[in-house]
Amino acid sequence: MADNSKTDDTASDSVETAKHASDKKEKLADQVMQNPQVLAALQERLDNSSHTPSSYIETLPKAVKRRIDALKQLQVKCAHIEAKFYEEVHDLERKYAALYQPLFDKRRNFVTGETEPTDAESNWDSENEDDEKLAGDLKNKVVIEEKESAAAAAAAAGLFPKGIPDFWFTIFRNVDMLSELVQEYDEPILKHLQDIKVKFSEPGQPMSFSLEFHFESNDYFTNSVLTKTYKMKSEPDKTDPFSFEGPEIVDCEGCTIEWKKGKNVTVKTIKKKQKHKGRGTVRTITKQVPNDSFFNFFSPIKVSGDGESLDEDSEFTLATDFEIGHFFRERIVPRAVLYFTGEAIEDDDNFEEGEEGEEEELEGEEEGEEEDDTEGDPKV
């Protein structure tokens, strides 16, 4: 028994000695890192080595790495605070959507012709109107008078167009992201589109928004409203919290379109010949296969809930779907008239060109400075 006790005491002493040695070593490392000469030597070594973030971190002492890990812990907490911030932003969006809606309802009434704007509501001094006021030559005055007479005659005969014809269809045609989805046989259906609304999830419900496409009575389907709901998440990923950049769409749900007989443009009927192996007779069968159409937008790919990953094509299709949903919500619906006239598209194009031009100009200036430094005698 005495021998065993002695052995245990020896082992305990060894552990305690090792612990003290480790603490002493760590303290010594801290002291060394506070020495300016040591830091200078370390910096020189880093400068001479391949300078990548990972290689730099690997050269740091354990005590420094420990502090970096603490910073990462703080960064994760920041990400969770940021997620709460975006949840409150979503609440604000919901609040202000209610303030916008009366204006959007009036927009729909003007577009459909249910109501006419008053003189005050339609008073807009455009550049074209200024040009017409300043035009002094007789030819232009005659053309204007003829147009006004024709419009008056059409209105008197009940031929004047109601509302703003093809308002939403024109937007689809003007915006490349949407026009690429629209097939020729989709066009007559989209001409019945009267309004697009954005609805946000209710307080206390999971974050989401829905797009509502309102159609007038038509020969293609019985639905008056087609919906698409995008489910969102404002929460850092547990496995990769540093990738969080705000709310992201994680899934979407469409709706069932009640197509009238023979009007479903999302499928097409093909004929196929089959030959009997034994008798050699041939028969023709027909079957329906998927067809390209904008209205496939309401039958999105489902995100697998069992953790299975989608193939590359499906992931691209889903990402494009999410992008279109965001574009409807953030740009098309709030600024519809400017996409109808094309002004929003011109603004977007000009902004992108300006950025590129500025970057090229800055690069040119930098190159010029380098030439001045190296040549010493700039050319005039």
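For the structure, check the block above.
Residues numbered from 1 in each chain as written. Predicted model: local features only at pLDDT ≥ 70, side-chain atom pairs only at ≥ 80, totals over all residues. Heavy atoms only, no water.

Student: Sorry, what's going on with helix H10 (residues 312–332) here?
Tutor: Since one α-helical turn is 3.6 residues long, residues separated by three or four positions face the same way. Counted at 1.5 Å a residue, the expected span for H10 with its 21 residues is 30 Å, and the 28 Å between its end C-alpha atoms agrees. Among the residues of H10, those classed as buried are Ser314, Leu318, Asp321, Phe322, Ile324, Gly325, Phe327, Phe328, Arg329 and Ile332. (Helix = DSSP H or I, 4+ residues; strand = E, 2+ residues; numbered from the N terminus. Expected span 1.5 Å × (residues − 1). Buried < 20%, exposed > 50% of the residue type's maximum accessible area, 1.4 Å probe, protein only.)

Student: It is not clear to me how the environment of Glu253 should be interpreted in this structure. Could you clarify?
Tutor: For Glu253, the position within the fold is in strand S4 (residues 248–253). For the pair Glu253 and Pro300, spaced 47 residues apart in sequence, the C-alpha to C-alpha distance is 6.7 Å. Only 2.9 Å separates the side chain of Glu253 from the side chain of Lys231, close enough to count as a polar contact. (Polar contact = N/O pair within 3.5 Å; in protein donor to acceptor, adjacent residues only side chain to side chain.)

Student: When you look at the pattern of salt bridges in this model, what are you seeing that I'm missing?
Tutor: Here the idea is simple: oppositely charged side chains can pair when their charged atoms come close. With the rule as written, the count across this model stands at 11 salt bridges. Note that Lys84 and Glu87 form a salt bridge whose closest N and O atoms lie 3.8 Å from each other. One end of the pair is Lys84 and the other is Glu87, both in helix H4 (residues 62–112) and 3 residues apart, which spans about a single turn. A residue is classified by how much of its surface remains accessible, and Lys84, at 53% relative accessible area, is exposed. (Salt bridge = Lys/Arg side-chain N within 4 Å of Asp/Glu carboxyl O.)

Student: Hey, could you run me through helix H7 (residues 167–174) in this one?
Tutor: Burial analysis of H7 places 6 of its 8 residues in the buried class, the great majority of the element. All of the buried residues in H7 are Phe167, Trp168, Phe169, Thr170, Ile171 and Phe172.

Student: Please explain the packing of aromatic side chains as it appears in this structure.
Tutor: When we look at a pair of aromatic rings, we describe it by the centre distance and by the angle of the planes. Tallied over the entire structure, the rule returns 25 aromatic pairs. Each ring, one from Phe167 and one from Trp168, has its centre 5.3 Å from the other, and the planes form 90°; the classification is edge-to-face. For the pair Phe167 and Trp168, a shared accessibility class is recorded, and that class is buried. Ring-pair connections join several aromatic residues into one group, and the members of that group are Phe172, Phe213, Phe215, Phe221, Trp259, Phe294, Phe295, Phe297, Phe298 and Phe328. Sitting above the plane of the Phe297 ring, Lys228 keeps its charged end 3.5 Å from the centroid. Positioned over the ring face of Tyr220 is Lys263, at 5.5 Å from the centre of the ring. (Phe/Tyr/Trp six-rings, centres within 6.5 Å; stacked < 30°, edge-to-face > 60°. Lys NZ or Arg CZ within 6 Å of the ring centre and 35° of its normal.)

Student: Would you mind going over a nonpolar patch on the surface with me for this structure?
Tutor: A contiguous nonpolar surface patch, about 550 Å² in accessible area, is contributed by Leu92, Tyr96, Leu99, Tyr100 and Leu103. The class for Tyr96 is partly exposed, based on a relative accessible area of 41%. (Patch = residues over 30% accessible without salt bridge, like charges linked within 9 Å, V, L, I, M, F, W, Y side chains within 5 Å. Areas by Shrake-Rupley, 256 points an atom, 1.4 Å probe, with all protein chains shown as cover.)

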